[in-house]
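Fold and geometry: a report
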Amino acid sequence: MAGKTREHSLPLDTILAGDCIAEMERLPAESVDLVFADPPYNLQLRGDLHRPNNSKVDAVDDHWDQFDSFAAYDAFTRDWLSAARRLLKPDGAIWTIGSYHNVFRMGAAMQDAGYWILNDVVWRKTNPMPNFRGKRLTNAHETLIWASRSEKAKYTFHYEALKAANDGVQMRSDWTFPICTGHERLKNARGEKAHPTQKPEALLHRILMATTNPGDVVLDPFFGTGTSGAVAKMLGRHWIGIEREAEYRDLAQARIGMVRPVERAALQVSTSKRAEPRIPFGTLVERGLLRPGEVLHSLNGRHSAQVRPDGTLAAARETGSIHQVGARLEGAPSCNGWTYWHFKREGKRVPIDALRQQIRDELAAMR
């Protein structure tokens, strides 16, 4: 299962076999951009669970979800969270997911470890398992915690991309997705569902699209059947999975091998203007996109100004930056010079912002 390597022999696009804590301790510090963790929930089931017709429910009763006590589970949680934080780059982040059985204990452990919680997200299931005993509310959601490595980390967040995916409306912290069913639900050789808590790819798609960039490294210490790896590969991210169960590793490897990555040109997402590289107006003059002495015209056509060699403008008695001159001419407190000033090409007026975007596109093509 060996994959590509990068500096410090980081095993990219590889499933590591073994205990998650031991395997994380072998990896170089500050080497991954994001951790997605779906740890054991410690469900504390007591005996079999049956439906009203007395058929047995295929619940989570696997050995990996069983702990002797809350103290044992808490110690395990602290250890893997500490190991994961060591691996995160200074501006890295983590997503964890859990149910009411463990998420509150996990959240406290994250804060104790030094993580800075950014949001908790409620994943509301459209098709939850009913509460067959009728003694509690139907458990129809799970909770995700998104946290940066530290309070001052400059974590990745594509706000505009999430807004675009939500029909132009700001994305909320309650997400609605169905649990895995149909063709997405993996089956083992016996025809049974391969993993009791397989997460839907739609959930991982939103997380990785919103909080990572193409080429980033995503670590999943509880890899299971590889949902995070499959989505990461599709979206042009590198991944590292850790899984101690051989059956899950085999299923994950086969699953990821079938994934076709999206072409790099299609991986760009919507970004805010603030997130784009800063291009001074003087760069347009230096590059010859605008020449000294060329005349710019205001959006409303009432004013004009000449470009000077140092990237300032001269208009009537006013000189200064594209923003300062525009504001003074309009008698306004401020002005966005990039959209206010236009140049003429082939008889048409074009905003100077088109030239700035041309340079940004060139920079993006070089990455």
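Overview of the structure. (Residues numbered from 1 in each chain as written. Predicted model: local features only at pLDDT ≥ 70, side-chain atom pairs only at ≥ 80, totals over all residues. Heavy atoms only, no water.)

1. Section: the overall build of the protein chain
The criterion, for reference: Only DSSP runs of H or I reaching four residues or more are called helices, and only runs of E reaching two or more are called strands; each is numbered from the N terminus. The rule is simple: take the accessible area with a 1.4 Å probe, protein chains only, and divide by the maximum for that residue type; under 20% is buried, over 50% is exposed, in between is partly exposed. Any two residues whose heavy atoms approach within 4.5 Å are treated as being in contact. To be clear on the numbers: accessible area is Shrake-Rupley with a 1.4 Å probe, and residue cover counts the displayed protein chains and nothing else.
Helix and strand counts for the protein chain come out as 11 helices and 16 strands. Going through the 367 residues of the protein chain one by one, you find that 44% of them count as buried. Across the protein chain, the fraction of contacts at a sequence separation of at least 24, relative to all contacts at a separation of at least 6, is 67%. Accessible surface for the protein chain amounts to roughly 19700 Å². Of this, 49% is attributable to carbon and sulfur atoms.

2. Focus on the sheet that holds strand β13 (residues 313-315)
Inclusion rule: By definition, two strands form a pair when at least two bridges between them are found by DSSP. Axis lines are fitted to C-alpha atoms, over the contacting stretch for helices. Their N-to-C directions set the angle, which ranges from 0 to 180 degrees.
Ordered by their spatial adjacency, six strands build an open sheet running β14-β13-β12-β11-β15-β16, and the pairing between neighbours is antiparallel. In this open sheet, the two strands that pair with only one neighbour each are β14 (318-320) and β16 (348-351). On average, adjacent strands in this sheet sit at an angle of 35 degrees to one another, irrespective of strand direction. Here three bridges tie β13 to β14, and the two strands are oriented antiparallel to one another. Across the sheet, the residue bridging to A314 is T319, located in β14. Along the sheet, helix α9 (residues 322-330) makes contact with β13, β14 and β15 (341-345), crossing β14 at roughly 155 degrees.

3. Some points on the sheet that holds strand β10 (residues 238-243)
Pairing is mixed in the open sheet, where eight strands are placed in the order β3-β10-β9-β4-β5-β7-β6-β8. If you trace the sheet from one side to the other, it starts and ends with β3 (14-17) and β8 (174-177), each paired once. Within the sheet, the average angular offset between the axes of one strand and its neighbour, ignoring direction, is 20 degrees. By the bridge criterion, four bridges tie strand β9 (residues 217-220) to β10 in an arrangement that is parallel.

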